[in-house]
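Residue-level structure breakdown
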Number of protein chains: 2
Amino acid sequence: MSLRLRAPIVLPCDAACSVLRDAVVDIDTDGRIVHCGPFADAPAFDAPVRELTGILLPGLVNTHAHSPMTVLRGMGDNLPLIRWLTEAIWPAEGKMTRQDVHDGMVLGSVEMLRAGVTTSAEMYFHGEEVAQAALDTGARVVLAPAILDGLGMDWRKMLADISAWIDADGVRFGPGERVELGYGPHSAYTLPPEALTEVGAAARERGALIQIHVAESTQEDEVQRANHGSVPALLASSGLLGGRVLAAHSVHLSDEDIALFAANRVGVAHCPGSNMKLASGIARLRDLRAADVAVGVGTDGPASNDDLDLWEDVRLAAMLSRVSTMDSTAMGAADALLLATRCGAEALHRNDIGALEPGRWADVVHVGLDDPAFAAGLDVPDTHLLANLIWAAGSRTVRDVWVAGEQVVADGETTRVDRREAQATAGKVTKRLLG
Amino acid sequence: MSLRLRAPIVLPCDAACSVLRDAVVDIDTDGRIVHCGPFADAPAFDAPVRELTGILLPGLVNTHAHSPMTVLRGMGDNLPLIRWLTEAIWPAEGKMTRQDVHDGMVLGSVEMLRAGVTTSAEMYFHGEEVAQAALDTGARVVLAPAILDGLGMDWRKMLADISAWIDADGVRFGPGERVELGYGPHSAYTLPPEALTEVGAAARERGALIQIHVAESTQEDEVQRANHGSVPALLASSGLLGGRVLAAHSVHLSDEDIALFAANRVGVAHCPGSNMKLASGIARLRDLRAADVAVGVGTDGPASNDDLDLWEDVRLAAMLSRVSTMDSTAMGAADALLLATRCGAEALHRNDIGALEPGRWADVVHVGLDDPAFAAGLDVPDTHLLANLIWAAGSRTVRDVWVAGEQVVADGETTRVDRREAQATAGKVTKRLLG
């Protein structure tokens, strides 16, 4: 069914971050946007009209997550990284069934949808269950089943399985193309160089996205530089770059690394919350953007940065950029909003989400105004409005969410799955894993 | 009326950050705590019992704010600091009436109470209206009417007015001693040294708290060091230290400055959100705590760090401490919780708030469990529970709040004032100031 959404403010998240007043978003029966613009100039559109009272914007794009880890949230807190992994996380993950991954992902999707995050880039094991959970909740997922080596895992088999899945179902599938399927080679330090070579070739052949952790920690960076030059240099020399690549974290980059990313159109998932909490370091957001690298924001997994609230990470990205450059104008509210939407899509090499523009999927968020952040209402200057939205409002003000034109959150609650049931189911998994 | 609160989890915020299971908080008719401990061992208490299903903890303490600035929130966003002040904030403040200050403070108090922040340390002009707003909403305020010089302001008169007010009403007054009155010399760079001397003497004479901005920005630090040695050294030599002093921000401190603060028992209000957003720098939280300086967390004013959500600033304090020291164990959830409560009270030189202990005021927060952060419920290890509370839950989970034993938030809404009315009133002020 086609649909017109009309609201006093629409933020299409075009490159200029326009603020449209009294505007519409017209959605066709397939769930794609056919028009977005001021009501007064809108062409006739034969569809029911949904009159909204707040702000419409594109669904946020979380460019790096391991959302099934909702069931591990809180485990081993405050242990040093290596003990956290070996004493808390890996033992628990070793006990996780396919169903556990599904149940964890359902709760993660519920959390993200309620926060207005319509797309998440996910790297995890049991990819089929991650995809199914997204199909169950209505969330959009850019999925990279993990490819690892050792500990009983065989990277060649994992790679072949993904290729076979893509060859069977396509890179994008599901209603509204909910699922995008790609490759998740975990990192350069957990895989041999020939794995990177073969993953690069397989992904390019299929036009599929590669998601990989890059230069997240000081240790990784130091080991890698001693052995192979930098991580980006190794990715380039092994032939992984050149297609659609998303480099998560990318904290420890030299100028040459940034230039290499720019030349190869590598997208970056900046994860400020995780990088701060795990003491990984401060990524060079401003330098990456100045070099024209597409950067989005990611929450990372909820076991390490616990709330999957992308609004908080977007604020962190802007604030951390400001304090690390000692420049209070390094990133403003408009740029922060684009980082969470349009730029996030770009980092994922997608031009069909992240903005309210004809041809893109109608992934739309309605922010309500019943909050102190919007005490002055909407009749304020554009910069003021954007500041209130980004700096003071955030996830708690999200009321309604559509993915591919389908309403998946209504008045703050998910429509396809019962939030409390999702909590209870995931909670049981956590207790079993703790036991 | 006396009251017993009983809940499955009580976090008294004692120095060890104990987690009590099935425990009670007993409150006498004056609004003070008479007992807090496990239900099984509790002495008989003749009072109605309120059975709660979530987590009880002390009300949070915001150690530095200018909350009436809710009416300026969003103005001049993304201007460099000096243009933001001269083009946006000062012209708008010049138009603010006493009533505007009251209305802005009411909205600020409403926001803070709903987030479980029961006490805020406030520096602003028109102190009477700030106090009245707190008395209207039921919030607790540690008030420092601002003392400034120049631009038509006379520090001698402002100082004399505060002394006269304290001599009339006392340092603490109002039901449940809601208001504490002290001195707010704005900063060493906006006042002559003799003002610092006289404020120090007047405050010590009355046992009153001094709140002052210290070494917030690089510029301030550089100018001050060139002229007088460091800001803390100037405060010491002018005689301002020695009594109850709270130094807000304190970003740019040398080892000697920290030692000076420790020797003079100066409390520090660490404002990580404001310091990041305004690119002021990164305060030395770990070094201050290692030197035994009492440090709390502050939001700063809502015109600069826009949402008055202390939970977010507490997370920031921990995360910024971790990344700036490159140590992921620099601050964990338990320490972060104490920073927001017990340590905040200590920074304000108060031992009657910030913990659930006999003799302290019954400023109590009830956190509800209907949230993905608590999917696994309360039957998890203590560290797990604290991690979920601090890293994943936060302000949105606060359901009920008491100040001095009086319930001021019930099921998420303020009881004394209507939140929507407060929003509408403050919104009108903003629009007039923008016009």
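About the thresholds
Residues numbered from 1 in each chain as written. Chains lettered and ligands numbered in written order. Predicted model: local features only at pLDDT ≥ 70, side-chain atom pairs only at ≥ 80, totals over all residues. Heavy atoms only, no water. Axes fitted to C-alpha atoms, helices over the stretch in contact; angles between N-to-C directions. Helix = DSSP H or I, 4+ residues; strand = E, 2+ residues; numbered from the N terminus. Parallel < 35°, antiparallel > 145°, perpendicular 65-115°, else oblique. Left-handed = near helix turned anticlockwise from the far one by under 90°. Contact = heavy atoms within 4.5 Å. Nonpolar A, V, L, I, M, F, W, Y, C, P; charged D, E, K, R; others polar. Buried area = accessible area lost by both parts, 1.4 Å probe. Salt bridge = Lys/Arg side-chain N within 4 Å of Asp/Glu carboxyl O. Polar contact = N/O pair within 3.5 Å; in protein donor to acceptor, adjacent residues only side chain to side chain. Pairing = 2+ DSSP bridges. Buried < 20%, exposed > 50% of the residue type's maximum accessible area, 1.4 Å probe, protein only. Least-squares fit on C-alpha atoms with pLDDT ≥ 70 in both. UniProt positions renumbered as here; feature names shortened; annotations may be inferred.

Let's talk about the packing of helix α12 (residues 333–340) of chain A against helix α14 (residues 382–393) of chain A
Residues and elements named next belong to chain A. Contact pair α12 / α14: the axes reach a minimum separation of 8 Å and the direction vectors enclose 60°. By the angle between their directions, the pair α12 and α14 is classed as oblique. The handedness of the crossing between α12 and α14 is left-handed. Contacts between α12 and α14 pair A333, A334, A336 and L337 from the former with L386, A387, L389, I390 and W391 from the latter. Split by residue class, the contact of α12 with α14 holds nine nonpolar, no polar and no charged.

A closer look at the interface of chain A and chain B
Chain A puts 61 residues into the contact, and the matching count from chain B is 61 residues. Both faces combined, the contact of chain A with chain B buries some 4,800 Å², and carbon together with sulfur accounts for 60% of it. Linking chain A with chain B are six salt bridges, by the criterion used here. Our count for the chain A to chain B interface comes out at 18 residue pairs in polar contact (both at pLDDT 80 or more). Among the secondary structure elements, those contributing two or more residues to the side of chain A that touches chain B are α2 (98–114), α9 (272–277), α11 (310–325), α14 and α15 (419–434) of chain A. When the residues that make up the side of chain A that touches chain B are grouped by side-chain class, the tally is 26 nonpolar, 18 polar and 17 charged.

Concerning the sheet that holds strand β15 (residues 295–297) of chain A
For sheets, the rule is that strands pair by backbone hydrogen bonds, running either parallel or antiparallel. Residue and element names in this part refer to chain A. The strand order across the open sheet built from four strands is β12-β13-β14-β15, with neighbouring strands paired in parallel fashion. Whereas interior strands pair on both sides, the edge strands pair on one side only; in this sheet they are β12 (209–214) and β15. Taken over all neighbouring pairs, the strand axes of this sheet differ in orientation by 25° on average, direction set aside. Where β12 lies against strand β13 (residues 244–249), six bridges are found, and the strand directions are parallel. Bridge pairing in β13 places I210 opposite V245.

Structural notes on the packing of α11(A) against α14(A)
Residues and elements named next belong to chain A. Running from amino to carboxyl end, α11 crosses α14 at an angle of 100°, the nearest separation of the two axes being 9 Å. On the basis of their axis angle, the class for α11 and α14 is roughly perpendicular. In contact with W311, R315, A318, M319 and R322 of α11, α14 contributes L389, I390, W391 and A393. Taken together, the residues of the contact of α11 with α14 break down into seven nonpolar, no polar and two charged.

Brief notes about the side chain of R419(B)
Within the element layout of this structure, R419(B) appears in helix α15 (residues 419–434). When its relative accessible area of 5% is taken as the criterion, R419(B) is described as buried. Discounting chain neighbours no more than four positions away, the residues touching R419(B) are D370(A), D371(A), P372(A), V110(B), R114(B), E413(B) and T414(B).

Here's the deal with the relation of the copies chain A and chain B
Here chain A sits on chain B after a turn of 180° about the axis and a move of 0.0 Å along it, with an RMSD of 0.0 Å. Those values place the two copies in the arrangement expected of a two-fold rotation axis. Closest approach to the rotation axis among the C-alpha atoms of chain A is made by R396(A), whose C-alpha sits 3.7 Å away. Both copies share a contact surface, since 100% of the interface residues of chain A are interface residues in chain B too.

Description of the UniProt feature "domain: Amidohydrolase-related" (unreviewed entry) in chain A
Following the UniProt record, the feature "domain: Amidohydrolase-related" (unreviewed entry) maps to residues 55–408 of chain A here. A distance of 17 Å separates the end C-alpha atoms of residues 55–408 of chain A, which is 43% helix and 18% strand.

Focus on the pairing of strand β3 (residues 33–38) of chain A
Residues and elements named next belong to chain A. Note: strand β2 (residues 20–27) against β3, five bridges, orientation antiparallel. Each bridged residue has a counterpart across the sheet, and for V24 the counterpart in β3 is G37. The loop that links β2 with its antiparallel partner β3 comprises five residues; one of these, G31, has a positive phi angle of about 95°.

Structural notes on unusual backbone geometry
For C13(A), which is not glycine, the phi torsion reads 60° and is therefore positive. Position of C13(A) among the secondary structure elements: in the loop between β1 (3–10) and β2. In this structure C13(A) comes out as buried when scored by relative accessible area, which is 0%. Although it is not a glycine, D292(B) sits at a positive phi angle of roughly 70°. Mapped onto the elements of the fold, D292(B) is located in the loop between α10 (285–290) and β15 (295–297). Look at D292(B) and you get exposed, because its relative accessible area is 56%.

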